[in-house]
Amino acid sequence: MKMDMSQYLDVFLEESKEHLENLNQKLLELEKHPTDVSALNEIFRSAHTLKGMSSTMGFEDLADLTHHMEDILSDLKEGMLAASPPVVDALFRSFDRIQSMIENIERGIGGDSDNRDLIGILNGIKQGHMEAAAVVEAVLPEPENHVLQHSQDIGDLGLNEYDMAVLNEAINAHMRVVSIKVEIDRECLMKTVRAYMVFRSLEEEGEVVKTIPSAQEIDEGKFDSSFRVLLITGSDPGEVCRNLNNISEIQVSECEELHPDSLSVCAPIPVLKESEGLSGEPEAHDQKKGVKSKQTVRVDIERLDNLMNLVGELVMHKGRLEQIGVNRKIVELDETIEQIDRISTDLQAVVMKVRMVPVEQVFNRFPRMVRDLAKELNKEVDFIIEGKETELDRTVIDEIGDPLIHLLRNAIDHGIESSQERVVRGKPVKGTVKLRARHEGNNVYIEVEDDGGGIHTEQVLQKAIEKGLIDAKEAENLTWEETAALLFHSGFSTAYAITEISGRGVGLDVVKNKIESLSGEIFVDSRPEQGTRFRIKLPLTLAIIQALIISVQDEIYAIPLSSVDETTMISSQDIKLIQNQEVIMLRGTVLPLYRLASQLDIPAAQESDIDDIYVVIVRKGERQIGLVVDTLIGQQEIVIKSLGRLFLGIPGIAGAIVAGDGNVRLILDVATLF
Amino acid sequence: MDNTNEPETQMLVDAPEDLQVVAFRLGKEEYAVNILHVQEINRLLNITRVPRTEKYIKGVVNLRGNIVPVINLHTRFGLLPDGDPEDRRIIVFHFDELKVGVIVDEVSEVLHIKAGDIEETTKVYDSAHAEHIKGVAKVDERLLILLDLKKTFE
């Protein structure tokens, strides 16, 4: 009998992807530090879980391949094999195959794949060292005994070396090893379902390392009325068994914790009592939690937007209720409104948080890409990632991957020189590429930095002249900024498209366009012979910003705080005229002064001669400008809304918000206001 | 208004060319727009002026969390507001995924217009704004100007 697994397919896919990501990362670590035991353990655990999951789901080819991978991994752990480049390569290739198989499963093509080539390679590696390890093998008798006779006998479980490795590792990590015998009611019609529930329950507690009969046989119903499992857990064995007994039609007949000494390969040693050394230390728990992957739900971003809209509405109507409360002076209403206020504020914060994801999601794809690329180009590259916990809005995250790939490819292909060249220039043989993310104010900065050859101004200019972007005369007078701007010109980067590596037909102009479409900016710094740094500045989120709310006459506007430097109050005598342009002095600097009322054609009520004038100092590029307003209302977190097609590209207006009173307020765009 | 001389059956079953329209007043003129393009009719909401736009753009309003532009067709067509300010409404039209509010002096009614009662614009009307008009419908003694929304909002 085969269970219908389709409902678990999503869970399987989601979890296997997490494990794949983990595998990928740890393999890279292992490659860097071949003796890194913790990385190896992680790889082992992920591979093992993958194997278990895929065989449960009936993807035999996948299970088989991971099994062979595991063989190699356990040898690595035992120290019988060194993590030499060919071994790691073989593991990477297996990993790739597993990944493509899982992708096929996701596409519904199925998980069948002919892996004989890889299994051949893996076996070859295994055999290669097996001869050396043969002496060790000979001492240990092969497990033959599969009959369940004496349940107390650990030997019954037919542990092989690799199981032992897992168990020893668990014990070293202060985990508990529990042997559980589960009896299923003889009347039970769906044994496999019960068994499956038992496994699900156990997997929540820990890791099932061994079952008698095998997991596959249990799956197919090839067992009588009982089976045995060996579980590694951080929880209390009694608790685990009590949980199991909650499943109907099953009974835990034995539940024993195993002492480390009893764990030797197939040695028929009776089970010992609870050992003091194993009584669960608190960190054992934590460790398990750390390993357990995060539970996630995929949600259509549109639904989040809807949710956001609704929360906005709620907040707005709350404002109206407050107004009623104030007007009518109802105390009870005020109290209730206060509660609603608190809840809606929290709700708003949560909804905004939901949209934020760590850049890790994107960054984790890169180490492998960098490694492969460096290999392909025969360059040695150290890839350093910093700040991957930095959070960004979901919509930004989804879009930022491709531009970063392009910049990284550029850095490795064009930036980092060949090893010989580096030696000649007296640099370390290994090039360094850094990918850095950090949070600064309302922005996130992502930097791609290499210590390669840098950008040569003359070459850029020459190419620009060739492409007809500038003429030779213009080229002479260009500043570095202007030269760098050429790099992002659409006519310039076509040359890059020719090489296969940084190619895919996109150039830096595409990168720039993408970044700008995300309301971001891109800068480039470069020093010949020393390296290049691309700096991307992105808004934390596209939807919510901090803004300064101001008023002019009876119109209210929001100015994004990101473009506000400070606010100040001046008197009318402070205003001077230079060539008919009003200016003020601010700490020794002369700033042009603009009156928002006349900028926005706001009808003047009367020529006011009030002496106190509020000025908002805004930044436009490198320039500071004073903006005269009537009152400063305050700072507020606002949800940006589009004004729609009809109002596209009005200079000075960036969008709109719905204020607490339900009225629409406009957001000023300082960059295009003047 | 008086429609009783129309046969019942024709009210219920539209011939394909027949139109159901919302009729409204701008100044002293009566206009009509296909009812399929009308999303809703609202009382005058607080309209926020949008600077640096055409004069006939009155501003934007908040329609349940959506920002909707409001157009003043009086200015556009050179008409003067007329009638009781209390009767003034915003009709929100939608077409091509665009939503636009229009301030009207009064919403009169929903009408059926037979294709045969619609006159081509060029025959009866010749002015600077003729391109906004699909035709003129005769309903009893009234003349309804059929607006071409697409052209109006372009």
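Our structure is the block above this text.
Just so it is clear, the structure is predicted and the values come from calculations on it, not from any experiment.

Caption draft 1: Geometry of the overall build of chain A. When you go through chain A residue by residue, the secondary structure sums to 23 helices and 22 strands. Buried positions account for 32% of the 674 residues belonging to chain A. The contacts of chain A with a sequence gap of at least 6 include a subset with a gap of at least 24, amounting to 68%.

Caption draft 2: Geometry of the overall build of chain B. Across its full length, chain B carries four helices and eleven strands. Per-residue burial over chain B gives 32% buried out of 154 residues.

Caption draft 3: Here's a closer look at the interface of chain A and chain B. With 23 residues of chain A at the interface, the matching set in chain B holds 16 residues. Going through the elements one at a time, α11 (301-328), β21 (653-658) and β22 (664-668) of chain A are the ones with two or more residues in the side of chain A that touches chain B. Split into classes, the residues belonging to the side of chain A that touches chain B amount to eleven nonpolar, six polar and six charged.

Caption draft 4: Structural detail: the pairing of strand β19 (residues 623-629) of chain A. Residue and element names in this part refer to chain A. Relative to β19, strand β17 (residues 589-595) runs parallel, the two sharing three bridges. Paired with L593 across the strands is G626, a residue of β19. Here seven bridges tie strand β18 (residues 612-620) to β19, and the two strands are oriented antiparallel to one another. Bridge pairing links V618 to I625 in β19.

Caption draft 5: Looking closely at the sheet that holds strand β16 (residues 581-586) of chain A. Residue and element names in this part refer to chain A. Spatial ordering of the open sheet is given by β14-β18-β19-β17-β16-β15, a layout of six strands whose pairing is mixed. Each having just a single partner strand, β14 (564-571) and β15 (576-578) make up the two edges of the open sheet. When strand polarity is set aside, the average angle formed by the axes of neighbouring strands in this sheet is 40°.

Caption draft 6: Examining the sheet that holds strand β9 (residues 118-120) of chain B more closely. Residue and element names in this part refer to chain B. The sheet built from six strands is open, its strands ordered β8-β1-β2-β11-β10-β9 with mixed pairing. Because the sheet does not close on itself, it has two edges, and the strands there are β8 (106-113) and β9. Across the sheet, the mean angle from the axis of one strand to that of its neighbour is 35°, orientation sign disregarded. Taken together, the seven bridges between strand β1 (residues 19-26) and β8 define a ladder with antiparallel strand orientation. Directly across from V22, in β8, lies its bridge partner V110.

Caption draft 7: Representation of the environment of L79(B). Residues and elements named next belong to chain B. Positionally, L79 belongs in the loop between α2 (73-77) and β6 (89-95). Along the primary structure L79 and K28 are separated by 51 residues, whereas in three dimensions their C-alpha atoms are 8.2 Å apart. When neighbours within four sequence positions are excluded, L79 is seen to be in contact with L26, G27, E29 and H74.

Caption draft 8: Quick look at the nonpolar core. Ranked by size, the top nonpolar core spans 71 residues in total, and within it I559(A), L668(A), A32(B), V33(B), V60(B), I91(B) and V102(B) carry the most contacts. Per element, the largest residue contribution to this core is six residues, and it comes from β1(B). The residues touching V102(B), leaving out its near neighbours within four places in the chain, are I71(B), L73(B), I90(B), I91(B) and F93(B). Judged by nonpolar contacts, the second largest core, of 37 residues, contains L392(A), L404(A), A411(A) and V511(A).

Caption draft 9: Summary view of the environment of N24(A). All names here are of chain A. Tracing the backbone shows N24 in helix α1 (residues 6-32). Along the primary structure N24 and I43 are separated by 19 residues, whereas in three dimensions their C-alpha atoms are 8.5 Å apart. N24 has contacts with F95 and R368, leaving out every residue within four places of it along the chain.

Caption draft 10: Geometry of the packing of helix α15 (residues 394-415) of chain A against helix α21 (residues 508-517) of chain A. Residues and elements named next belong to chain A. Where α15 meets α21, the closest approach of the two axes is 10 Å, and the angle between their N-to-C directions is 150°. Between α15 and α21, the interaxial angle falls into the category roughly antiparallel. Crossing handedness for the pair α15 and α21: left-handed. Here E399, D402, P403, H406 and L407 of α15 come into contact with α21, specifically with V511, K514 and I515.

Caption draft 11: Inspection of helix α9 (residues 237-245) of chain A at higher detail. Residue and element names in this part refer to chain A. The complete set of buried residues in α9 reads P237, V240, C241 and L244. Along the axis of α9, the buried positions cluster into a sector of 95°, meaning they face one direction only. Exposed positions of α9 whose direction lies more than 90 degrees from the buried face are G238, E239 and R242. On the buried face of α9, the contacting elements are β1 (176-184), α7 (191-205), β3 (226-233) and β4 (250-258).

Caption draft 12: Examining unusual backbone geometry more closely. Residue and element names in this part refer to chain A. For N580, which is not glycine, the phi dihedral falls at a positive 70°. Mapped onto the elements of the fold, N580 is located in the loop between β15 and β16. Classification of N580 by C-beta neighbours within 10 Å gives exposed; the count is 5. Backbone geometry places D601, a non-glycine residue, at a positive phi of 50°. With respect to the secondary-structure elements, D601 resides in the loop between α22 (596-599) and β18.

The rules behind each value
Residues numbered from 1 in each chain as written. Chains lettered and ligands numbered in written order. Predicted model: local features only at pLDDT ≥ 70, side-chain atom pairs only at ≥ 80, totals over all residues. Helix = DSSP H or I, 4+ residues; strand = E, 2+ residues; numbered from the N terminus. Buried ≥ 20, exposed ≤ 12 C-beta atoms within 10 Å, placed from the backbone. Contact = placed C-beta atoms within 7 Å. Nonpolar A, V, L, I, M, F, W, Y, C, P; charged D, E, K, R; others polar. Pairing = 2+ DSSP bridges. Axes fitted to C-alpha atoms, helices over the stretch in contact; angles between N-to-C directions. Core = buried A, V, L, I, M, F, W, Y, C linked by C-beta atoms within 7 Å. Parallel < 35°, antiparallel > 145°, perpendicular 65-115°, else oblique. Left-handed = near helix turned anticlockwise from the far one by under 90°. Arc of directions from axis to C-beta.

These figures capture arrangement, not role.
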